[in-house]
Amino acid sequence: MPAVRSPPADSLRVSRARLEQVRLRIAEAARAAARDPAEVLLLAVSKTFDAAAVAGMAACGQTDFGENYVQEGVAKIDALRARRPQLCWHFIGPLQSNKTRDVARHFDWVHSVDRLSVAQRLSAQRPAERDGMPLPPLQVCLQVNISAEPTKSGAEPRQVLQLAREIAALPGLRLRGLMCVPAPAATLAAQRQPFARLRQLQRELIDDGLRLDTLSMGMSADLEAAVLEGATIVRVGSALFGERAPRHG
Ligand SMILES: *Cc1c(COP(=O)(O)O)cnc(C)c1O
């Protein structure tokens, strides 16, 4: 197992301050929406940051981490699992069929399921146990292209009901709800619109009989809007870890 250095004290202080600030933002928005802040899970998006950075956030009490790239995520999980078995790992990036096996084995959640073929593979490839312990079904969200952007990943809203019914029936998965990454918007009111649409779509699925409890929406720039519209998971990267270097070049 690769050794992970302990984070130096000054970087721990920075991590703790950023975590505190993001928790305050969530709490403020929850209060404004008359919601209990405990209903909102903070998912720390650690893509491009190394295992030591994750270990630092974990040392500050953060338990849930999100990764976008399969190889990078699996490497961090392998580096940290033995020392921090309680961490919960969420895959949130675009998922190709040839990468589903690693995701089904290593991650606890997948937020970016957007077609049946990928869901079927994840279900079939989810192991019954890991390290001798029974492994629950993979917890999944169906990603919706809520801003109708031609280049964005995510299922089309009109396909969502049928797709959700089919995914909910797969034995290796537990469908928890919907996820979106809307186009950036400048004002709070504009940010709220796509989140409100996702919440409405979720309402329709629940009325259809699906038992869903998760809305994965909101990032560093728009988490307040998402919490106001009912987010139960906000996915926050740069506000916790700092600006990311460009991944390529
Ligand atoms: C990178 C990423 C995030 C976090 O973005 P920030 O703006 O850094 O908070 C959240 N969700 C997804 C799907 C991402 O790819």
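Throughout what follows, the structure given in this document is the object of discussion. (Residues numbered from 1 in each chain as written. Predicted model: local features only at pLDDT ≥ 70, side-chain atom pairs only at ≥ 80, totals over all residues. Heavy atoms only, no water.)

A look at the packing of aromatic side chains
So, step 1. In this structure the tally under the stated criterion is three aromatic pairs.
So, step 2. Aromatic pair Phe-65 and Trp-89: ring centres 5.8 Å apart, planes at 35°, arrangement tilted. Of this pair, Phe-65 sits in strand E2 (residues 64-67) while Trp-89 sits in strand E3 (residues 88-91), and the two are 24 residues apart along the sequence.
So, step 3. The exposure class assigned to Trp-89 is buried, which follows from its relative accessible area of 1%.
So, step 4. Ring plane angle 75° and centroid distance 5.4 Å describe the contact between Phe-91 and Phe-107, whose orientation is recorded as edge-to-face. In this pair, Phe-91 is assigned in strand E3 and Phe-107 in the loop between helix H4 (100-106) and strand E4 (109-113), connecting sequence segments 16 residues apart. Each of the two residues, Phe-91 as well as Phe-107, counts as buried. (Phe/Tyr/Trp six-rings, centres within 6.5 Å; stacked < 30°, edge-to-face > 60°. Helix = DSSP H or I, 4+ residues; strand = E, 2+ residues; numbered from the N terminus. Buried < 20%, exposed > 50% of the residue type's maximum accessible area, 1.4 Å probe, protein only.)

Re the site of the ligand
So, step 1. Near the ligand there are 13 residues, and of these Lys-47, Asn-68, Ser-220, Ser-238 and Arg-244 occur at the shortest range.
So, step 2. At a separation of 2.7 Å, an oxygen atom of the ligand approaches a polar side-chain atom of Lys-47.
So, step 3. Within the side chain of Ser-220, an N or O atom sits 2.5 Å from an oxygen atom of the ligand.
So, step 4. Out of a free accessible area of 390 Å², the ligand has 88% covered by protein chains. (Near = heavy atom within 4 Å. Polar contact = N/O pair within 3.5 Å; in protein donor to acceptor, adjacent residues only side chain to side chain. Areas by Shrake-Rupley, 256 points an atom, 1.4 Å probe, with all protein chains shown as cover.)

Comments concerning the side chain of Arg-35
So, step 1. Position of Arg-35 among the secondary structure elements: in the loop between helix H1 (9-32) and strand E1 (41-45).
So, step 2. Side-chain polar atoms of Arg-35 contact the side chain of Glu-39, separated by 3.1 Å.
So, step 3. Setting aside chain neighbours within four positions, we find Arg-35 in contact with Ala-30, Val-40, Val-227, Gly-230, Ala-231 and Thr-232. (Contact = heavy atoms within 4.5 Å.)

A closer look at the pairing of E4
Side chains on a regular strand alternate between the two faces of the sheet.
So, step 1. Of all five residues in E4, five are buried; the element is thus mostly enclosed.
So, step 2. Two elements, E3 and E4, share two bridges in a ladder whose sense is parallel. Bridge pairing in E4 places His-90 opposite Trp-109.
So, step 3. Once you follow E3 into H4 and on to E4, the crossover reads as right-handed.
So, step 4. Here three bridges tie E4 to strand E7 (residues 138-143), and the two strands are oriented parallel to one another. Bridge pairing in E7 links Trp-109 to Gln-139. (Pairing = 2+ DSSP bridges. Right-handed = clockwise from strand over helix to strand, strands pointing away.)

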